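The chain contents come next:
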Amino acid sequence: MFEHIREVRLSGLSAYILRFSYHYARVLGVICFEVSKKGPKDALVGRKNFRLKWYSLILRLVCFGVFCCFCAPLVMVIEDPNERTLQCMRLVSCLVCTACILVLQIFHEHEVLRMINSFLRVFRRVRQMSTRRKNGFGGKREFVLLLFKAICLIYELFCELHQILFASSLVVTLIALCDIIVEIGSLMIIHIGFAGFLSVAALYSEVNGYVRIELRRQLRSLERPGGAPASRRQLRTASCRLEECVAVYDEIERVGRSFHILLQLPVLIILMAKIFATTVLSYEVIIRVDRHPYQAGIWGLVLKNFADVILLTLAVHEAVSSSKVIRRLSLENFPVSDQKEWHVKLEMFLSRLNFNEFRVCPLGLFEVSNEIILVFLSSMITYFTYVMQYGIQAHRL
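Residues numbered from 1 in each chain as written. Predicted model: local features only at pLDDT ≥ 70, side-chain atom pairs only at ≥ 80, totals over all residues. Heavy atoms only, no water.

Re the confidence of the model for the chain
And step 1. Put simply, the chain has an average pLDDT of 79, and 82% of its residues get 70 or more.
And step 2. Mean pLDDT across the elements of the chain ranges from a minimum in helix H9 (residues 340–355), with 65, to a maximum in helix H4 (residues 109–129), with 89.
And step 3. Below pLDDT 50 for its whole length, residues 1–5 participates in one contact with residues either more than four positions away or in separate chains.
And step 4. Low pLDDT (under 50) marks residues 331–336, which in the prediction has 15 contacts with non-local residues, meaning those over four places away or in another chain. (pLDDT = per-residue confidence, 0-100. Helix = DSSP H or I, 4+ residues; strand = E, 2+ residues; numbered from the N terminus. Contact = heavy atoms within 4.5 Å.)

In structure tokens form, the structure reads like this:
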């Protein structure tokens, strides 16, 4: 009982974190649609909001114009090559991500709304399959990942707002504010990618739980003592439930694939920028200690960039691994009848699951999996070791 209450509380807290992130993205002008309750059952539906759309477009264009006019020329006069390269990478990533956000808001608004409503419809469909009532979002794993993501968002906002506190005039404050809106808005791409893949993982997890507990119990109820065959009505009911499971798995895979295709380019660019920024910042704080009196803040940025990459990879890994769990679960439900038609249904069920395996391959370059975390960790440890050895040999430490 207490375990169930704790699970409900965690899923409710996860829903609150997602709601806060949604309103946070609306303020930054990244999300230009509205999600509200509609109908007699108070179902969540994504709808157009023209006022919010114009607010997002005007805010994005004005802030980016100020960003290009005042911040970009300052990068060209930076003498330090490492800092100049880092700032140029930041400008390019912000330019590309801002362009992607504008293209999505102007030309692909219908596709984005269709994808959002597909996510919400699949969640409703999964909840209707089960007899157990469930509210909120996900379970323990989803809550832990969302909690770390919320901490990263708060620290990111704190670091950016720190620039405004030391502004010398109102004009400098406005320029810094536009810089913050452009940069944080661009970084929201990776946060949206994290939330999308985590939603796919939560959907797979709920359907797997239904198959593991309720569907398996229903199929075992078809077995009769003494080997008596089940009635046609019972087999027809079980067949309809299997077809519903296959349809739900197909829809989850289709929605996840459309989300991946829509955001794969900006997410890949932000990932590259974060990995590059992590290497440059770690070099600066290890080698050039005298230039950075606030080393704790820089190390915090290094850890925050590192955490963003790890969290996105973990969300993708959760979605991919959850899509494969059903293969092991479905094999336990196989021998329940001697009728050929029933075995054909189950074979089709298994073949469809093997065919619709969920994968994430950004631009077809590589497949995102849990192995990426190990590669990234080993690479960063090797890089830190090399930088520290270089500092010791150069008598900088």
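As for the packing of aromatic side chains
And step 1. Going through the model one piece at a time under the given rule, you end up with six aromatic pairs.
And step 2. On the basis of an interplanar angle of 25° and a centroid distance of 6.1 Å, the ring pair of Tyr204 and Tyr249 is categorised as stacked. Of the two residues, Tyr204 is situated in helix H6 (residues 170–220) and Tyr249 in helix H7 (residues 232–287); the sequence distance between them amounts to 45 residues. Each member of the pair, Tyr204 as well as Tyr249, carries the same accessibility label: buried.
And step 3. By the ring-pair criterion, three or more aromatic residues cluster together here, those being Phe119, Phe197 and Phe259.
And step 4. When the ring centre of Phe194 is taken as origin, the NZ or CZ atom of Lys149, which lies over that ring, is 5.0 Å away. (Phe/Tyr/Trp six-rings, centres within 6.5 Å; stacked < 30°, edge-to-face > 60°. Buried < 20%, exposed > 50% of the residue type's maximum accessible area, 1.4 Å probe, protein only. Lys NZ or Arg CZ within 6 Å of the ring centre and 35° of its normal.)

Some words on the packing of H4 against H6
Helix-helix packing is described using two parameters, namely the angle between the two axes and the distance between the axes.
And step 1. One way to put it is that H4 packs onto H6 with a least axis distance of 10 Å and a crossing angle of 15°. The angle between the axes of H4 and H6 places the two elements in the roughly parallel class. As H4 runs across H6, the sense of the crossing is left-handed. In contact with Phe119, Val122, Phe123, Val126, Arg127 and Met129 of H4, H6 contributes Gly196, Ser199, Val200, Ala202, Leu203, Glu206, Val207, Tyr210 and Glu214. (Axes fitted to C-alpha atoms, helices over the stretch in contact; angles between N-to-C directions. Parallel < 35°, antiparallel > 145°, perpendicular 65-115°, else oblique. Left-handed = near helix turned anticlockwise from the far one by under 90°.)

Concerning the side chain of Ser36
And step 1. As for its position among the elements, Ser36 is in strand S1 (residues 33–38).
And step 2. At 2.3 Å, the side chain of Ser36 and the side chain of Arg47 are in polar contact.
And step 3. Apart from residues lying up to four places away in sequence, Ser36 is in contact with Ala43, Leu44, Val45 and Arg47. (Polar contact = N/O pair within 3.5 Å; in protein donor to acceptor, adjacent residues only side chain to side chain.)

Focus on the side chain of Ser199
And step 1. One can find Ser199 in helix H6.
And step 2. For Ser199, a relative accessible area of 12% translates into the label buried.
And step 3. Setting aside anything within four residues of it in sequence, one finds Ser199 in contact with Phe119, Phe123 and Phe137.

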